[in-house]
Amino acid sequence: MTGGEIAALVAAGAFLMLVLVLAVPILRLRHTVDAATRAINDINDRTAPLLGNVNTTILGVNEALGQVHTTLDGVNVQLAKVDTITGHAQSVTANVANLATVVSAAAANPLVKVAAFGYGVRRAAAARRHADDEREVRTTLKQRRKAARAARKAGQVAG
């Protein structure tokens, strides 16, 4: 055998050793890949019903949202009616306020005049009563003075 043949034999032996050394991790890697494949298939089998349930739930939520939308539309219609009613009530309130102002202004002027007239009548009656009392006091004083003068004259004549 020649040196080239020996070198080729050594290279072939080294390659065989390399293949044997690499065969063990490759076989183990095959088991890992098989386990991963089984796990993926298992997850796939389990997620299919879950996704079906999620789909059913989403359909239920969409239906509920549709009902809520319909209800909100009804509420908005009722709120529009309430806004109209509120506007009318505000208009009526403004009209009543204006009417109250007009009635108050119309009734206030004559009421003030009647009150002033009543005050004047009371004042005049009080003044008249006071004048009558004063006249009576003056008359009494005059009579006393006359009596005192007459008594003095009588005392001078007698004296």
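Quick notes on the rules
Residues numbered from 1 in each chain as written. Predicted model: local features only at pLDDT ≥ 70, side-chain atom pairs only at ≥ 80, totals over all residues. Heavy atoms only, no water. UniProt positions renumbered as here; feature names shortened; annotations may be inferred. Helix = DSSP H or I, 4+ residues; strand = E, 2+ residues; numbered from the N terminus. Patch = residues over 30% accessible without salt bridge, like charges linked within 9 Å, V, L, I, M, F, W, Y side chains within 5 Å. Areas by Shrake-Rupley, 256 points an atom, 1.4 Å probe, with all protein chains shown as cover. Salt bridge = Lys/Arg side-chain N within 4 Å of Asp/Glu carboxyl O. Buried < 20%, exposed > 50% of the residue type's maximum accessible area, 1.4 Å probe, protein only. Lys, Arg positive; Asp, Glu negative; His and termini not counted. Charge placed at Lys NZ, Arg CZ, Asp CG, Glu CD.

Draft legend 1. Broad picture of the UniProt feature "transmembrane region" (unreviewed entry) in the chain. Residues given the UniProt feature "transmembrane region" (unreviewed entry) here are residues 6-27. Helix makes up 100% of residues 6-27 and strand 0%. Its end C-alpha atoms lie 31 Å apart.

Draft legend 2. View of a nonpolar patch on the surface. Among the surface-exposed residues, Phe15, Leu18, Val19, Leu22 and Ile26 lie close enough to one another that they form a single nonpolar patch of about 480 Å² accessible area. Checked against the element boundaries, Leu22 lands in helix H1 (residues 3-158).

Draft legend 3. The pattern of salt bridges, seen in detail. Counting across every chain of the model gives 4 salt bridges. Notably, a salt bridge pairs Arg46 with Asp42, separated by 3.5 Å at the nearest N-O pair. Taken as a pair, Arg46 and Asp42 lie in helix H1 at a separation of 4 residues, close to a single helical turn. Between Asp132 and Arg135 there is a salt bridge, with its nearest N and O atoms 3.2 Å apart. Here Asp132 pairs with Arg135, and both are found in helix H1, just 3 residues apart, close to one helical turn. With a relative accessible area of 47%, Arg135 lands in the partly exposed category.

Draft legend 4. Broad picture of a positive patch on the surface. Residues Lys142, Arg145, Lys146, Arg149, Arg152 and Lys153 make up a contiguous surface patch of positive charge. Counting through the fold element by element, Arg145 comes out in helix H1.

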